[in-house]
Amino acid sequence: MDSPIVAQLFRQLFRHPACQSRRNLVALSSCLRHGRRIQQQQQRQQRRHMATRHTTRGSRQGLPENDNHWQQRTKLVTLDMSEEYKAYPTVTANDLRSRRERPRRVKMLMRDFIEDSLYNPHYGYFSKQVVIFTPGEPIVFNSLADEPAFHAELGRRYTEFEDALDAKEGQPDDTRQLWHTPTELFRPYYGEAIARYLMSNYVMTTYPYHDLIIYEMGAGRGTLMLNILDYIRDIEPAVYDRTKYKIIEISPSLAALQSSQLLSSAASRGHASKVEIINKSIFDWDSRVPSPCFFLAMEVFDNFAHDVLRYDLDTEEPLQGTVLIDGLGDFYEFYEPVLDPVAARYLRVRHAATGGRYRAPYAPNRAVRWLKARLPFAPNLSDAEYVPTRLMQFFDILERYFPAHRLLTSDFHTLPDAVRGLNSPVVQTRFQRRMVPVSTPLVHQGYFDILFPTDFRVMEAVYRAITGKLTRVLGHESFMRSWAYVEDTRTRSGENPLLSWYRNASVMVTV
């Protein structure tokens, strides 16, 4: 089902108000079968499309008038939208924050499209669609036979959790977006490992001259916060007395959930004086925090918006992607050779920070590219490269407003089922309790998760260049072996899900 056809069918399915009813959703399977037939017919025709240039206003000096904008073609037959591209206004994700309806007849940079899709307060994925799984009582790993037994236990709890939600709502929700975090799966052991790292480094550096101040971004249900505070209170009361925990949460619904978690029990209510929940985007932060602090960003970078670039295969010149949305809500890609200041700065910083040593989405040998360009139907632009411009801006925030911070972040360095391209995202939705990946990020806003892998080698270099701080990158298993009591999550066979489940994740810490 990983194809542009499926992505287009989902957009059609979710476009209308009635799409959330089971009556319309049950037609999905027949729609998908029809979509596969269309795709197979197109493949039999063996039609290959390449990027084509279109006339537009504002041509750059030195370029022919019809060489300024490139409309990206896909495996689907696309319309020539160059006239609409000239006429439609350019908007940003900030411009769309107050809008309750998804935009039509506009164009925007890819990073603004992704940010709007994920974080718009009225229809964004994290604002309206997401439900975070909690397994109930902590799993007793020592009682499980092996890792397959853990899989079975987790599947059973998943089913019970979702059955309870269906019973509460009175009917099944075929499009419920349910996801989990390592904090929830390995509660409280994962949070206790983070607490040991924080407490140890605090005691060795700034205690007793400064308070232990912890900022967490993207806190989900607030479980990591509770596990950390519980552990510090039980193990080091003197450190707990000086602890302040601040959550920065962009989603109003998740901020409310975190507040309710804080008041859910007598033990958690004891932390109320320690916790502050700040309901705002980190990118709107405008107050300086001079005190030493720890900044937690666990599985946050993967949902930061990226820009998309393609490169002229003759000149290696980058072209920046723009998304056009027509009057029907369908999407088209255009590429311009003039980069906006954010993307241009990212390329400069990356090149300086890495000494020019980073991957590119085209063959480094010019002769090889020249030969490939002479093949029939050869494309004249490279594959897409997704660059983490929003992540760079996050580092700017840390450097400007949190000068004494120490960062602890964990995220995925590789992801399966990604769309085509370099550093490309996984784009998926959940239908009838199954994940459905698609092959493009141009999907109906708010119904799809869009998550990117993190190139930790490049990201570490960019962070160092912007903040001037030293860092260390470890694998997830290595970090947990250093700070977790791994015997707590070991099964009877000796297998350890805490160590094996996130082998595709890395951890970066400021040293």
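Colleague: Explain the pattern of salt bridges to me, and be specific about the residues and the numbers.
Modeller: Following the criterion strictly, the structure yields 30 salt bridges and no others. The residue R176 makes a salt bridge to E169 at a minimum N-O spacing of 3.1 Å. In this structure R176 comes out as buried when scored by relative accessible area, which is 3%. In this structure E169 comes out as partly exposed when scored by relative accessible area, which is 45%.

Colleague: Could you give an account of the environment of P138, with specific residues and numbers?
Modeller: Along the polypeptide, P138 turns up in the loop between β4 (130–132) and α7 (147–169). On the basis of relative accessible area, P138 is assigned to the partly exposed category, the value being 29%. As for P138 and L185, which are separated by 47 residues in sequence, their C-alpha atoms are 8.0 Å apart. With residues up to four places along the chain from it excluded, the contact list for P138 reads R157, R187 and P188.

Colleague: So what about the sheet that holds strand β7 (residues 243–248)? Which residues, and what values?
Modeller: With mixed pairing, 7 strands are arranged side by side in an open sheet as β8-β7-β6-β9-β14-β19-β18. Every other strand in the sheet has two partners, leaving β8 (275–278) and β18 (471–475) as the edge strands with one partner each. The mean inter-strand angle of the sheet, taken between neighbouring strand axes irrespective of direction, is 15 degrees. Bridge count for strand β9 (residues 293–298) against strand β14 (residues 405–412) is 6 bridges, and the pairing is parallel. Residue C293 lies in a different strand from β14, and its bridge partner there is H405. Here helix α18 (residues 476–483) sits on the sheet in contact with β14, β18 and β19 (505–510), set at roughly 100 degrees to β18.

Colleague: Explain the confidence of the model for the protein residue by residue, including any values.
Modeller: Per-residue pLDDT for the protein averages 87, and the proportion of residues at 70 or more is 85%. Overall, residues 15–67 carries pLDDT values under 50, and its contacts beyond four positions in sequence, including any with other chains, amount to 90 contacts.

Colleague: Please provide a residue-by-residue account of the environment of L309, values included.
Modeller: In this fold, L309 is placed in strand β10 (residues 307–311). By relative accessible area, L309 is classed as buried at 0%. On a C-alpha basis, the gap between L309 and L381 in space is 9.8 Å, while along the polypeptide they are 72 residues apart. Setting aside chain neighbours within four positions, we find L309 in contact with L319, Q320, Y335, L339, L347, D383, A384, E385 and V387.

Colleague: Quick rundown of unusual backbone geometry? Include the residues and the values.
Modeller: Note that the residue after R187, namely P188, is joined by a cis bond; omega there is 0 degrees. For F377, which is not glycine, the phi dihedral falls at a positive 60 degrees. Judged by relative accessible area, which is 59%, F377 ranks as exposed. The phi angle at R433 is positive, at roughly 65 degrees, despite the residue not being glycine. Relative to the elements of secondary structure, R433 occurs in the loop between β15 (426–431) and β16 (434–438). With a relative accessible area of 34%, R433 lands in the partly exposed category.

Colleague: Account for the sheet that holds β15, naming residues and giving values.
Modeller: The antiparallel open sheet is built from 3 strands, whose spatial order is β16-β15-β17. Of all strands in the sheet, those with a lone pairing partner are β16 and β17 (449–451), marking the two edges. Looking at each pair of strands side by side, their axes are set apart by 30 degrees on average, direction ignored.

Colleague: Describe in detail the packing of helix α9 (residues 189–205) against helix α10 (residues 223–235), supporting the description with residues and values.
Modeller: Relative orientation of the contacting elements α9 and α10 amounts to 55 degrees, with a least axis distance of 8 Å. Overall, the two elements α9 and α10 adopt an arrangement that is oblique. The two elements α9 and α10 cross, and the hand of that crossing is right-handed. Packed against α9, whose contacting residues are Y190, G191, E192, I194, A195, R196, L198 and M199, the element α10 presents L224, N227, I228, Y231, I232 and I235 at the interface. Residue composition of the contact of α9 with α10, grouped by class: 10 nonpolar, 2 polar and 2 charged.

Colleague: So what about the packing of aromatic side chains? Which residues, and what values?
Modeller: A full pass over the atoms with the stated rule returns 32 aromatic pairs. Geometrically, the ring pair formed by F141 and F186 is stacked, given 5.7 Å between the ring centres and 20 degrees between the ring planes. Within this pair, whereas F141 is found in the loop between β4 and α7, its partner F186 is found in the loop between α8 (182–185) and α9, the two being separated by 45 residues in sequence. Owing to a relative accessible area of 0%, F186 belongs among the buried residues under this scheme. When the ring of F283 is compared with that of F304, the centres are 5.5 Å apart and the planes differ by 65 degrees; the resulting orientation is edge-to-face. Of this pair, F283 sits in the loop between β8 and β9 while F304 is found in the loop between β9 and β10, placing the two residues 21 residues apart along the sequence. Neither residue differs from the other here; F283 and F304 are each classed as buried. Connected via pairs of aromatic rings, a cluster forms that spans Y215, F283, W285, F295, F301, F304, F394, F395, F402 and Y463.

Definitions and cut-offs
Each chain carries its own residue numbering, running from 1 in the direction its sequence is written. With pLDDT at 70 or above as the cut-off, local features in this predicted model cover only qualifying residues; side-chain atom pairs require 80 or more to be listed or tallied, and sums for whole chains, interfaces and linings still use all residues. The basis for every side-chain value is the complete set of heavy atoms in the structure, and neither hydrogens nor water enter the calculation. Within this document, salt bridges are pairs made up of a side-chain nitrogen of Lys or Arg and a carboxyl oxygen of Asp or Glu, the two lying within 4 Å of each other. The cut-offs for exposure are 20% and 50% of the maximum accessible area for each residue type, with area from a 1.4 Å probe on protein chains only; residues under the lower value are buried, those over the upper are exposed, and the others partly exposed. We count a stretch as a helix when DSSP gives it H or I for four or more residues in a row; a strand needs E for two or more, and each element gets its number in order from the N terminus. By definition in these notes, contact holds between two residues if any of their heavy atoms fall within 4.5 Å. DSSP-based pairing: two strands are paired if at least 2 bridges between them are found. Every axis corresponds to a line fitted to the C-alpha atoms, with the helix fit spanning only the stretch in contact, and the corresponding angles, defined between N-to-C directions, vary from 0 to 180 degrees. By definition, pLDDT measures how confident the predictor is in each residue, and it falls between 0 and 100. Any angle that is under 35 degrees is reported as roughly parallel, and any over 145 degrees as roughly antiparallel; angles of 65 to 115 degrees are reported as roughly perpendicular and all others as oblique. What makes a crossing left-handed is the near helix being turned counterclockwise from the far one by less than a right angle; a clockwise turn instead makes it right-handed. Note that Gly is not counted as nonpolar here; it falls among the polar residues with everything else outside the nonpolar set of Ala, Val, Leu, Ile, Met, Phe, Trp, Tyr, Cys and Pro and the charged set of Asp, Glu, Lys and Arg. When the centres of two rings from Phe, Tyr and Trp lie within 6.5 Å, Trp using its six-membered ring, the rings pair. Their planes under 30 degrees apart give stacked, over 60 give edge-to-face, and anything left gives tilted.

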